[in-house]
Amino acid sequence: MITEDARERELTRLMQTYGDGVKRVCCLTLREMSAAEDAAQETFIKAYEHIDPLVRGEIANERAWLMRIAVNACRDMLRTSWMRHIDRRQSIEALPLAAPSGHEDSLALTQAILTLPVKHRELVLLHYYQGFNLKSCAQILGISAPTATRRLQQAQRKLRAALEERG
Amino acid sequence: MKRANFEKEDVRRAIDESLSGVYFNAEDARRVLRGVRGREPERRGLPSPRRLRLDLAFALTLAVIVCAPVALLLVRAHSMRPVAVAPGASTPSPAATAEKRVLPEDAPSPESDGAANEGEAIRAALACFEQTCDTSVFTADEYTVDVSRQEDGADGAVYEVCMRSVYDNGCAFTVTVSLPSGRVLQHSAPQLATVPAYFDDSSAEVRSWYDKYGPYLFAWEASAQVEFSRRYEGAAIRAPRAGEMTREQAAQAALQAARKDGDAAALLGDSPVAYPVLYGAQDGSSARYVVYCFAHAVGAGAEGDCIVATMPAAGGTPSLRRLPREEWSASI
């Protein structure tokens, strides 16, 4: 019997361990801070609703499991925006990107990632930022491995072009 | 880090540095905990107020969906007829899921005095689409149109006209039309109408393409590649234009280059088969052919490694590289 305390302890551990990464993925996927906050919080709420297998140790890769929830939360958010007929996306410049001196390359790379279409951005974030292999990325995104690989190649081309354009 | 190259570590560091001010803070955690405590009745199988609200909303939505069209048909049947309003309306609708667009006749709005009716609102939205969006990507015929009336917006009474792509690719264009004047008050960003927002492999539309043409996009017939890309990929793949090599020429150039390359020639054998794909100029890169060369036609299930030749669409020396089976089969 799993108690509510045990569930909340597990949830708290998940938030402490993956909270920042989840929120940053949401932020870069949605390109809008308040939506990203909502999506990140919704991710952990959804995780809690299905946390029992995790508490019982039945989920092998909790990070991939959580990231799939986050991806779906972002997609729901995007679809909700569409359904409300409101374009909530902000310009890239409006995002709260820190610009520490000496990190121009980092900023340029992040900005370039933000210019990618959502489907490419999701994959780049999972593969390059979260470090998942392509098979895991495909599972998280709910697409086939061939599609994931093809999409990643397209994303790489676009990212290189964007970086070259930025000089 | 070189600017045009990036590794996982570069991306990780770049994002962590750039978004150092974005972290899951205590307020986020508090909200999550409040959220899960609010949902605990659901976990125990008890209906929560939220769940009941959702059920009620679902029932009402279903009632509206089922009843509204019937009521509309009954009320307006005598005054409705099809009207061709968009350029290209004479061209056949996409085979996909295009809905028949039927506009109300130009009867004056019953309650006014010159106020716009739904048909005028839709016409205004279509004109706005024609003026602001890139119609070389999708034409107005490739969208379904929904119109709803809103009484208490910031702009007063308005019609919200939403055009959604029939291809299930997330493209949509929303126009707000003033009810009193019939003028367009605002519209969504034009690129949202023409740049596919997502690619859903589970979509029945998308699956039907793979079911029809097979699992490898490069082996599809040229027109299918181009049309699929137009609908779902922002037209990354296109047909050759004047001054560019034809697909056959690209295939020949790739095979010729492969014959001169010892390793490639050894891999491809005596009867190689080439599958060209033309990627248009995007994001600053010029148009180029990517030609997948195999020792035998794909589809038999015994394909091995392939040679990929890349060359400018206008012609040039192909660059060759060998792609292991797991990579090319995963790259399509």
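Residues numbered from 1 in each chain as written. Chains lettered and ligands numbered in written order. Predicted model: local features only at pLDDT ≥ 70, side-chain atom pairs only at ≥ 80, totals over all residues. Heavy atoms only, no water.

## Notes on the sheet that holds strand β8 (residues 319–323) of chain B
Residues and elements named next belong to chain B.
Thought 1: As summarised here, the arrangement of the 4 strands in space is β5-β6-β7-β8, forming an open sheet in which the pairing is antiparallel. Each having just a single partner strand, β5 (273–279) and β8 make up the two edges of the open sheet. On average, each strand axis in the sheet is inclined to that of its neighbour by 20°, with strand direction left out of account.
Thought 2: In the sheet, strand β6 (residues 288–294) pairs with strand β7 (residues 306–312) via 6 bridges, with the strands oriented antiparallel. Looking at β7, one finds that arginine 288 is bridged to proline 312.
Thought 3: Together, β5, β6, β7 and β8 form the strand contacts of helix α9 (residues 247–260), whose direction differs from that of β6 by roughly 55°. (Pairing = 2+ DSSP bridges. Helix = DSSP H or I, 4+ residues; strand = E, 2+ residues; numbered from the N terminus. Axes fitted to C-alpha atoms, helices over the stretch in contact; angles between N-to-C directions. Contact = heavy atoms within 4.5 Å.)

## Topic: the packing of aromatic side chains
Thought 1: The tally for this structure, following the rule as stated, stands at 18 aromatic pairs over all chains.
Thought 2: Aromatic side chains Tyr275(B) and Phe294(B) sit 6.0 Å apart centroid to centroid with 70° between the ring planes, which places their arrangement in the edge-to-face category. Of the two residues, Tyr275(B) is situated in strand β5 and Phe294(B) in strand β6; the sequence distance between them amounts to 19 residues. For the residue pair Tyr275(B) and Phe294(B), the accessibility class agrees, reading buried in each case.
Thought 3: These aromatic residues form a ring-pair network of at least three members: Trp209(B), Tyr210(B), Tyr213(B), Trp220(B), Phe228(B) and Tyr232(B).
Thought 4: One residue, Arg63(A), lies across the ring of Phe132(A), its end atom 4.1 Å from the ring centre.
Thought 5: The lysine or arginine in question, Arg157(A), covers the ring of Tyr279(B), its NZ or CZ lying 4.8 Å from the ring centre. (Phe/Tyr/Trp six-rings, centres within 6.5 Å; stacked < 30°, edge-to-face > 60°. Buried < 20%, exposed > 50% of the residue type's maximum accessible area, 1.4 Å probe, protein only. Lys NZ or Arg CZ within 6 Å of the ring centre and 35° of its normal.)

## Considerations on the confidence of the model for chain B
Residues and elements named next belong to chain B.
Thought 1: When pLDDT is averaged along chain B, the result is 75; 69% of the residues meet or exceed 70.
Thought 2: Predicted confidence for residues 41–54 stays below pLDDT 50, and this span has 13 contacts to residues more than four positions away or in other chains.
Thought 3: Confidence drops under pLDDT 50 across residues 75–112; counting only partners more than four residues distant or on other chains, this segment forms 57 contacts. (pLDDT = per-residue confidence, 0-100.)

## Some details on the environment of Ser286(B)
Residues and elements named next belong to chain B.
Thought 1: Secondary-structure assignment places serine 286 in the loop between β5 and β6.
Thought 2: A residue is classified by how much of its surface remains accessible, and serine 286, at 52% relative accessible area, is exposed.
Thought 3: Along the primary structure serine 286 and alanine 314 are separated by 28 residues, whereas in three dimensions their C-alpha atoms are 9.5 Å apart.

## Comments concerning the pairing of strand β4 (residues 184–187) of chain B
Residues and elements named next belong to chain B.
Thought 1: Both strand β3 (residues 172–178) and β4 contribute to a ladder of 3 bridges, which runs antiparallel. Bridge pairing in β4 places valine 177 opposite valine 184.
Thought 2: Between β3 and β4, which pair antiparallel in sequence order, lie 5 residues; one of them, glycine 182, sits at a positive phi of approximately 75°.

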